[in-house]
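A look at the structure
In case you want the letters, here they are:
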Amino acid sequence: MPTNAPFAAHPVARWLILIVLAVSVYFFHGFLVPILAALIIAFASWPLYEKQVARCGGRTWLPASIATFLVFLLIIVPLVVVVFYTTREIQQWVVWLVSVNRYGAEAPIWIAQLPIVGSSLAESWNETLNHPHAISELTQLIGLGQLANISKMVLTFGGQLFSILLALLFMLITLFFVYKDGHILAQQLDKVGERILPKRWHRVSRVAPTMVSATVTGMTIIAIGEGIVFGFAYWIAGAPSPLTLGVLTGFMAMIPGGAPTSMTLVSLYLFGSGHSWAGLGLFTWGAIQLFVVDKTIRPKLVGGPAKLPLLPTLFGLVGGVQTMGLVGLFVGPVVMALLVAVWREWLTEEDETPAS
């Protein structure tokens, strides 16, 4: 064995590198979510950022600072405002849930007045919830016993608020350096990727950003837009807690069929509570708005080949929430988009390889 062999070529050195990487992941796994969030935002906004870099003559410090400030101004600040006002509305729901759990509650009149299913729903409500500690029993029955102590959940969320703000700060710092040194990072990733996938890396590395951008645009941005639009619609129609309902509709819009379901349920509530014209108007306007978005705006923003199928979308949403919490709603589908991109490119290359 030659004495001048590179240290990295020695098997012990390779195992040492793997151990160092594993220890690094263990110690810094708490920063994984803000890092992934920063990478996703950078991926989605990179074409616009490159234009700003070109205008600055290739210098990255100023464009990176401007881009990070715009992300803070257009994403973080509105998100904090929405969370603040949504929390105030949810407090009213918490007070009502605590009262229902303590004393029980009869079925609301609007449920009994719903067409066709109103009487059966009201009867089921009275059997299930019209006695003390009904919510505690229900959550225990379906395996969500930790939801029974609602006040404890609220206090826990308040204690985690500082951690969330710290994660947002770390995400902004990471995003700045990704903008500033992103081209260097891309070159380094290309070198590593060509060693791992020498024949496929060039194609995968070009398709993966397209899939990520399409997923962020087609799911996240459109979902946020639908949440805002429906929030205003709920407010105009006179629905209670319109901001919270708009946020829930935005989250549901990330799931296929989620936004129409949310809008239909709010319309049924308005119809059953005696506001028939408001419920009918909300349903009619919502159906037209969803049709226009799905048939005109979404296809232009997301191409057919870049569209994420239904099953990977559901896996990404559920798996993301289980592993990363609320941020997983956005990170999970992006990870699945990368997997789908690698899979499609692998199949494409196999089909183009001539049979020997």
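Residues numbered from 1 in each chain as written. Predicted model: local features only at pLDDT ≥ 70, side-chain atom pairs only at ≥ 80, totals over all residues. Heavy atoms only, no water.

**Some remarks on helix α10 (residues 258–272)**
Its 15 residues place the ends of α10 21 Å apart at the C-alpha level, agreeing with the 21 Å of an ideal helix rising 1.5 Å per residue. Buried residues of α10: Gly258, Ala259, Ser262, Met263, Val266, Ser267, Leu270 and Gly272, and no others. Backbone geometry just downstream of α10 places Gly274 in the positive-phi region, at approximately 100°. (Helix = DSSP H or I, 4+ residues; strand = E, 2+ residues; numbered from the N terminus. Expected span 1.5 Å × (residues − 1). Buried < 20%, exposed > 50% of the residue type's maximum accessible area, 1.4 Å probe, protein only.)

**Quick word on the packing of aromatic side chains**
Overall, the coordinates contain seven aromatic pairs when judged by the stated rule. Their ring planes at 80° and their centres at 5.9 Å tell us that Phe230 and Trp285 sit as a pair that is edge-to-face. Linking Phe230 in helix α8 (residues 201–237) with Trp285 in helix α11 (residues 276–301), this pair joins segments that are 55 residues apart in sequence. The exposure class of Trp285 is partly exposed, given its relative accessible area of 38%. Taken together, the aromatic side chains of Trp46, Tyr49 and Tyr179 make up a single cluster linked through ring pairs. (Phe/Tyr/Trp six-rings, centres within 6.5 Å; stacked < 30°, edge-to-face > 60°.)

**Points about the confidence of the model for the chain**
Averaged over every residue, the pLDDT of the chain is 75; the share at 70 or more is 74%. In this model residues 143–148 is a low-confidence stretch, pLDDT under 50, and it forms nine contacts with partners more than four residues away in sequence or in other chains. (pLDDT = per-residue confidence, 0-100. Contact = heavy atoms within 4.5 Å.)

**Quick notes on a nonpolar patch on the surface**
Nonpolar side chains collect at one region of the surface, where Leu62, Ile66, Phe69, Leu70, Phe72, Leu73, Leu74, Ile75, Val77, Val81, Phe84 and Tyr85 lie side by side and expose about 1100 Å² of accessible area between them. Along the polypeptide, Phe84 turns up in helix α3 (residues 61–103). (Patch = residues over 30% accessible without salt bridge, like charges linked within 9 Å, V, L, I, M, F, W, Y side chains within 5 Å. Areas by Shrake-Rupley, 256 points an atom, 1.4 Å probe, with all protein chains shown as cover. Salt bridge = Lys/Arg side-chain N within 4 Å of Asp/Glu carboxyl O.)

**A look at the packing of α3 against helix α9 (residues 242–252)**
Running from N to C, α3 and α9 cross one another at 110°; their axes reach a closest spacing of 8 Å. As far as their axial angle goes, α9 and α3 are roughly perpendicular. The two elements α3 and α9 cross, and the hand of that crossing is left-handed. Contacts from Val82, Tyr85, Thr86, Glu89, Ile90 and Trp93 of α3 reach α9 at Pro242, Leu243, Thr244, Leu245, Val247 and Leu248. Partitioned by chemical class, the residues of the contact of α3 with α9 number nine nonpolar, two polar and one charged. (Axes fitted to C-alpha atoms, helices over the stretch in contact; angles between N-to-C directions. Parallel < 35°, antiparallel > 145°, perpendicular 65-115°, else oblique. Left-handed = near helix turned anticlockwise from the far one by under 90°. Nonpolar A, V, L, I, M, F, W, Y, C, P; charged D, E, K, R; others polar.)

**Some details on α3**
In a regular helix each residue adds 1.5 Å, so 43 residues correspond to 63 Å; α3 covers 60 Å between its end C-alpha atoms and thus fits that length. Buried within α3 are the following residues: Pro63, Ala64, Ala67, Thr68, Val71, Ile76, Thr86, Glu89, Val94, Val100 and Asn101. Positive backbone phi, at 85°, marks Gly104, one or two positions downstream of α3.

**As for the side chain of Thr68**
By the element assignment, Thr68 lies in helix α3. Since its relative accessible area comes to 12%, Thr68 is described here as buried. The contact partners of Thr68, leaving out residues within four places of it in the chain, are Leu172, Leu175, Phe176 and Tyr179.

**Regarding the packing of α9 against α10**
For the pair α9 and α10, the least separation of the axes is 7 Å and the interaxial angle reads 150°. As summarised for this structure, α9 and α10 are arranged roughly antiparallel, according to the angle between their axes. Handedness of the crossing formed by α9 with α10: right-handed. Counting all contacts with α9, which are made through Leu245, Thr249 and Met252, the residues of α10 involved are Gly258, Ala259, Ser262 and Val266.

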